[in-house]
Amino acid sequence: MRTSKVATAVVTAIVSVALLAGCGDDSGDDKPFGDQSADAIAAKAVEATKQAKSVRMQGDARLEDGSTVAIDVSVDQEKNCQGTIDTGQGKAEVRHTGATLYLRGDEQYWQNSLKGRPGAARQVVPKLQGKWVKMPASDAALSGVCDKQGFISAMDEDKSERKGMKRGSTTEVDGEEALQLTKKTSGDESLGLYVATEDEPYILKSTSEGGKNPSSVTFSDYNEPVRPEQPPADQTVDLQELSGGQQA
């Protein structure tokens, strides 16, 4: 389903910034983190973020086709999640609970998702207004938006891409002190990773500027409970049933 591909692409674009956060050989005497290298600080940030029970991700990324997608999603270790996805061509709420993914999109969102099947769109979209669409746990969107551990693990896959970050100055991200780590790529892309300096060294923000897929994402509400409610049965529909058993 095109909806699933969009959601997965959003997370992929966001993660690509953090992929560069694991290694670096620059060191210094700046406080906090003493004289630890960017390598050590970023590695600690990735590990701390992995261990967090939950996190909220807010931000936007430009995809390969030039469109911009924004997300605001809270997710925990058990894949409970809730939030919104805005494709620029419609907006949808997302929930995952009880091993089921639910989406509630506006009319524009579903029209765009089904634009390759105008007949199905005419038949289905009117029946989706104000409804939560039930999707299987195997849906591709689940492996992206609602999989915290999969998301964080992606940060640690390609070690060759995670070398050469530099320590920057301390700044604030949503009122929390953070140390900025930066990198300039061969493609003239400027990357930034902001690591919390107090308590656990969580990732607070990642940015990408100047490249093909600029993005800016903040990470907050660490370890806050994520308790999405299962939508009422009378507000839930099965998209495959509505479209005659065919995948939309």
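Note that this is a predicted model, so its numbers are computed, not measured. (Residues numbered from 1 in each chain as written. Predicted model: local features only at pLDDT ≥ 70, side-chain atom pairs only at ≥ 80, totals over all residues. Heavy atoms only, no water.)

S.K.: How do you make sense of the confidence of the model for the protein when you look at a structure like this?
M.R.: Detailed reading of the predicted model is not advised wherever pLDDT is low. Taken over all residues, the pLDDT of the protein has a mean of 79, while the share at 70 or more is 77%. When the criterion is pLDDT under 50, residues 1-30 qualifies, and its contacts beyond four places in sequence or with other chains add up to 95 contacts. (pLDDT = per-residue confidence, 0-100. Contact = heavy atoms within 4.5 Å.)

S.K.: Could you clarify how one ought to interpret the environment of Gln108 in this entry?
M.R.: By secondary structure assignment, the location of Gln108 is in helix H3 (residues 107-113). With 21 residues separating them along the chain, Gln108 and Thr87 place their C-alpha atoms 10.0 Å apart. (Helix = DSSP H or I, 4+ residues; strand = E, 2+ residues; numbered from the N terminus.)

S.K.: How do you make sense of the sheet that holds strand S6 (residues 132-135) when you look at a structure like this?
M.R.: Strands belonging to one sheet form pairs held by backbone hydrogen bonds; the direction of such a pair is parallel or antiparallel. Spatially, the twelve strands line up as an open sheet ordered S7-S8-S9-S10-S11-S1-S2-S3-S4-S5-S6-S12, and their pairing is mixed. In this open sheet, the two edge strands, each paired with only one partner strand, are strand S7 (166-173) and strand S12 (236-238). Averaged over all pairs of adjacent strands, the angle between their axes in this sheet comes to 20 degrees, without regard to strand direction. Bridge count between strand S3 (residues 81-86) and strand S4 (residues 91-97): six bridges; the pairing is antiparallel. Residue pairing across strands places Cys81 opposite His96, the latter belonging to S4. Against the sheet, helix H2 (residues 38-51) engages S7, strand S8 (176-184), strand S9 (190-196) and strand S10 (203-209), with an angle of about 120 degrees to S8. (Pairing = 2+ DSSP bridges. Axes fitted to C-alpha atoms, helices over the stretch in contact; angles between N-to-C directions.)

S.K.: Teacher, can you tell me more about the pattern of salt bridges here?
M.R.: Pairing is possible between side chains that carry opposite charge, provided their charged atoms lie close to one another. One pass over the structure, following the stated rule, counts three salt bridges. Across the salt bridge formed by Asp72 and Arg56, the nearest N and O atoms sit 2.7 Å from each other. Separated by 16 residues along the polypeptide, Asp72 in strand S2 (residues 68-76) and Arg56 in strand S1 (residues 54-62) bring together distant segments of the chain. Its relative accessible area of 25% is what places Arg56 among the partly exposed residues. Among the salt bridges present, the one from Arg56 reaches Asp221, with a minimum N-O distance of 3.8 Å. On the criterion of sequence distance, the pair formed by Arg56 in strand S1 and Asp221 in the loop between strand S11 (215-220) and S12 is long-range, its members being 165 residues apart. Classification of Asp221 as partly exposed rests on a relative accessible area of 40%. Through salt bridges with shared partners, one network takes in Arg56, Asp72 and Asp221. (Salt bridge = Lys/Arg side-chain N within 4 Å of Asp/Glu carboxyl O. Buried < 20%, exposed > 50% of the residue type's maximum accessible area, 1.4 Å probe, protein only.)

S.K.: What should I look at first to understand the pairing of S10 in this one?
M.R.: Regular strands place side chains that alternate from one sheet face to the opposite one. Counting buried residues in S10 gives five out of seven residues, a clear majority hidden from the surface. Both S9 and S10 contribute to a ladder of six bridges, which runs antiparallel. Residue pairing across strands places Ser190 opposite Glu209, the latter belonging to S10. Here S9 folds back onto S10 in antiparallel fashion, the turn holding six residues, of which Asp199 has a positive phi close to 60 degrees. Here S10 pairs with S11 via four bridges, running antiparallel. Along S11, the bridge assignment pairs Lys205 with Thr218. Hairpin remark: S10 followed by S11, antiparallel, with five residues in the connecting loop; positive phi at Gly210, about 85 degrees.

S.K.: Could you clarify how one ought to interpret unusual backbone geometry in this entry?
M.R.: Phi is positive for Lys79, close to 75 degrees, though the residue is something other than glycine. Its location among the elements puts Lys79 in the loop between S2 and S3. In this structure, Asn223 takes a positive phi of about 65 degrees despite not being glycine. Tracing the backbone through its elements, the reader meets Asn223 in the loop between S11 and S12. In this structure Asn223 comes out as partly exposed when scored by relative accessible area, which is 36%.

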